Amino acid sequence: MNIIRYPFLDLAAVNTPLMDRIEKAVASVVRSGRYIGGKECSRFENTLAAITKVPAAVGVSNGLDALRLILRAYILKGDLKPGDEVIVAANTYVASVLAIVDAGLVPVLAEPSEQTLNLDTARLEEYLTTKTRAVMTVHLYGRVCWDNDLREFVTRHNLIVVEDNAQAIGAESDVAGLYGTYMTGGLGHAGAFSFYPTKNIGALGDAGAVATHDTELAAIVKALANYGADRRYHNIYEGFNCRLDPIQAAILNVKLRYLDKECQAREVIASCYNRLIDNKHVVKPEFVAGRGSVWHQYVLMTAERNRFRAYLESNGVQTDVHYATPPHCQPALAHLAHSPLPITEKIADRVVSIPVARHVSETDAAEIAAIINSFD
Ligand SMILES: *Cc1c(COP(=O)(O)O)cnc(C)c1O
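Now for a quick tour of the structure. The structure presented is a predicted model; accordingly, all values stated were derived computationally and were not measured.

### Here we look at helix H9 (residues 259–276)
Now for step 1: With 18 residues, H9 should reach 26 Å at 1.5 Å per residue; the first-to-last C-alpha distance of 26 Å fits that figure.
Now for step 2: Those residues of H9 that sit buried are Leu259, Glu262, Cys263, Arg266, Ile269, Ala270, Cys272 and Tyr273.

Have a look at this one:
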């Protein structure tokens with residue numbers, strides 16, 4: 001057994017410094033006697049809408065549900081119908097694809113760029129058919145997936161843009177979104193957020209949200225998440241129970257105050273790696289200064305992943321892989337039709353994530369970089 005000197009993630013170390021504030025927030029929910037909805041939930045929604053610069057945000061149960069609710073709401077609204085195609089990066093986390101399939105829509109798996117590890121926006125026309133109605137842009141690893149090519153593509157073909165912003169809260173595009181705003185989650189028509197504990201802003205359990213420029217869509221999402229009811233005992237849709245837990249909302253109201261600090265801390269570690277890592281076996285991520293990435297993961301690529309990971313582990317550095325199996329190779333999704341995905345598969349074989357969260361100090365990062373540089 002090797003001693004772990006640099007854990008990949010230490011959530012207790014991330015959350016313990018906020019213990020007093022979190023305890024107070026949770027206690028106030030307990031004392032309120034109201035355990036579904038309420039003040040903390042609306043405060044959370046207002047804060048998220050303000051951060052994202054959208055008119056409406058709805059707290060929901062988790063990130064996957066946020067995506068599912070958006071797509072189903074578009075179907076109820078008549079903007080999408082089952083069988084319509086949604087272009088999505090083939091190297092995304094499986095949840096993006098599950099949401100599309102769940103709504104009866106058809107995911108069209110598109111190759112990412114090897115440089116950005118996001119949708120290759122120069123190749124979008126390849127995936128266009130007469131059934132294309134939407135693009136799900138995923139800001140993978142915290143890096144903004146939005147540029148002039150993508151914006152022109154969706155505008156030219158009148159497509160709906162749903163953002164999977166589970167990994168990129170607080171990121172900022174340098175190209176304006178469809179409504180003239182710049183924050184991820186508000187670049188397209190609707191954005192899904194996850195507050196799963198390991199995300200940049202993590203709850204102490206499951207939580208998610210939908211942010212949108214479309215207030216009618218927000219109202220449908222809100223109703224769908226609450227049995228399809230627009231008011232008490234009045235069900236206008238065949239809905240679900242996908243509500244945000246007010247205890248999680250209260251915790252997130254504490255943690256969202258530290259969003260800027262979270263982004264800055266990750267930027268410091270990422271720029272340290274960017275400056276110091278230098279090894280011929282390892283390709284560093286293209287460095288994006290500022291909020292163009294909020295560094296949810298710092299992802300290296302190497303053709304010798306197994307050996308590299310074993311070497312790091314024997315030197316006390318814990319790593320992880322996001323993701324070794326792309327969605328189209330998962331047993332549940334093996335039925336999906338897709339064009340050849342050699343870049344997606346190459347990426348899946350080579351990516352390795354090194355520690356970048358709040359528990360990593362600059363000294364740790366420099367030591368980790370030195371260990372990486374000695375890999376031969
Ligand atoms: C985490 C994540 C999700 C799902 O969010 P949950 O809250 O875990 O349901 C969706 N998409 C991406 C890209 C994610 O990283």
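### Focus: the packing of helix H4 (residues 63–77) against helix H5 (residues 94–102)
Now for step 1: Relative orientation of the contacting elements H4 and H5 amounts to 35°, with a least axis distance of 9 Å. For H4 against H5, the interelement crossing comes out right-handed. Residues Leu64, Leu67, Arg68, Leu71 and Arg72 of H4 form the contact with H5, whose participating residues are Ala95, Ser96, Leu98, Ala99, Ile100 and Asp102.
Now for step 2: In terms of residue class, the contact of H4 with H5 is made up of seven nonpolar, one polar and three charged.

### Quick notes on the layout of surface pockets
Empty space left among the atoms is revealed by rolling a probe the size of a water molecule over them.
Now for step 1: In this model, the largest pocket occupies a volume close to 540 Å³.
Now for step 2: In terms of lining, the largest pocket is formed by 29 residues, of which the most central are Tyr93, Tyr196, Thr198, Lys199 and Tyr323.
Now for step 3: Counting only elements with at least two residues in the lining of the largest pocket, the list comes to H4 and H5.
Now for step 4: Here the residues of the lining of the largest pocket are counted per class, giving 13 nonpolar, eleven polar and five charged.
Now for step 5: In terms of lining residues, the second largest pocket is bounded by 17 residues, among which Ile36, Gly37, Lys222, Asn226 and Arg243 are the most central.
Now for step 6: Breaking the lining of the second largest pocket down by element, the ones donating at least two residues are helix H3 (39–52), strand E1 (56–60), helix H7 (215–224) and strand E8 (229–231).
Now for step 7: The element that contributes the greatest number of residues to the lining of the second largest pocket is H7, accounting for three residues.
Now for step 8: Broken down by class, the residue content of the lining of the second largest pocket amounts to eight nonpolar, four polar and five charged.

### With respect to the pairing of strand E5 (residues 160–164)
Now for step 1: For E5, a buried count of five out of five residues is recorded, marking the element as mostly surrounded by other parts of the structure.
Now for step 2: Because side chains alternate across E5, one face comprises the buried residues Ile160, Val162 and Asp164, and the other comprises Val161 and Glu163, equally buried.
Now for step 3: Note: strand E4 (residues 132–138) against E5, five bridges, orientation parallel. Across the sheet, valine 138 pairs through a bridge with aspartate 164, a residue of E5.

### Some details on the site of the ligand
Now for step 1: Taken together, Asn62, Gly63, Leu64, Tyr93, Ala95, Val138, Asp164, Ala166, Gln167, Ser194, Tyr196 and Lys199 are the residues near the ligand.
Now for step 2: Aspartate 164 has a polar side-chain atom sitting 2.7 Å from a nitrogen atom of the ligand.
Now for step 3: One of the side-chain N or O atoms of serine 194 is found 2.6 Å from an oxygen atom in the ligand.
Now for step 4: More than half of the atoms belonging to the ligand lie within 2 Å of the grid points that define the largest pocket.

### As for the pattern of salt bridges
Now for step 1: In total, this model carries 17 salt bridges according to the counting rule given.
Now for step 2: Across the salt bridge formed by arginine 266 and glutamate 262, the nearest N and O atoms sit 2.6 Å from each other. Of the two residues, arginine 266 and glutamate 262 are both situated in helix H9; the distance of four residues between them amounts to about one turn of the helix. Comparing arginine 266 with glutamate 262 shows no difference in burial state: the two are buried.
Now for step 3: Between aspartate 376 and lysine 280 there is a salt bridge, with the nearest N and O atoms lying 3.6 Å from each other. Placement of aspartate 376 in the segment after helix H12 (362–373) and of lysine 280 in the loop between H9 and strand E10 (298–301) is noted, with a sequence separation of 96 residues between them.
Now for step 4: Residue aspartate 376 is classed as exposed on the basis of its relative accessible area of 62%.
Now for step 5: On the accessibility criterion, lysine 280 (73% relative accessible area) is exposed.
Now for step 6: One salt-bridge network, in which partners are shared between bridges, spans Asp65, Arg68, Arg72 and Asp102.

### Quick notes on the nonpolar core
Now for step 1: Ile70, Leu71, Tyr74, Met136, Val162 and Val221 are the most contacted members of the largest nonpolar core, which has 48 residues in total.
Now for step 2: In terms of residues, this core owes the most to one element, H4, which gives seven residues.
Now for step 3: Every residue in contact with methionine 136, bar those within four places of it in the chain, is listed here: Leu67, Leu71, Val86, Ile87, Val88, Ser96, Ile100, Val162 and Asp164.
Now for step 4: If you look at the next biggest cluster of nonpolar residues, it comprises 42 residues, including Leu48, Ala110, Leu244 and Cys263.

Conventions we followed
- Residues numbered from 1 in each chain as written.
- Predicted model: local features only at pLDDT ≥ 70, side-chain atom pairs only at ≥ 80, totals over all residues.
- Heavy atoms only, no water.
- Helix = DSSP H or I, 4+ residues; strand = E, 2+ residues; numbered from the N terminus.
- Expected span 1.5 Å × (residues − 1).
- Buried < 20%, exposed > 50% of the residue type's maximum accessible area, 1.4 Å probe, protein only.
- Axes fitted to C-alpha atoms, helices over the stretch in contact; angles between N-to-C directions.
- Left-handed = near helix turned anticlockwise from the far one by under 90°.
- Contact = heavy atoms within 4.5 Å.
- Nonpolar A, V, L, I, M, F, W, Y, C, P; charged D, E, K, R; others polar.
- 1 Å grid on protein atoms, 1.4 Å probe; cavity = no way out; pocket = protein on both sides within 12 Å on 5 of 7 lines; lining within 4 Å.
- Points joined across faces, edges and corners; volume = space filled by probe spheres on them.
- Pairing = 2+ DSSP bridges.
- Near = heavy atom within 4 Å.
- Polar contact = N/O pair within 3.5 Å; in protein donor to acceptor, adjacent residues only side chain to side chain.
- Sits in = over half its atoms within 2 Å of the grid points.
- Salt bridge = Lys/Arg side-chain N within 4 Å of Asp/Glu carboxyl O.
- Core = buried A, V, L, I, M, F, W, Y, C linked by side-chain atoms within 4.5 Å.

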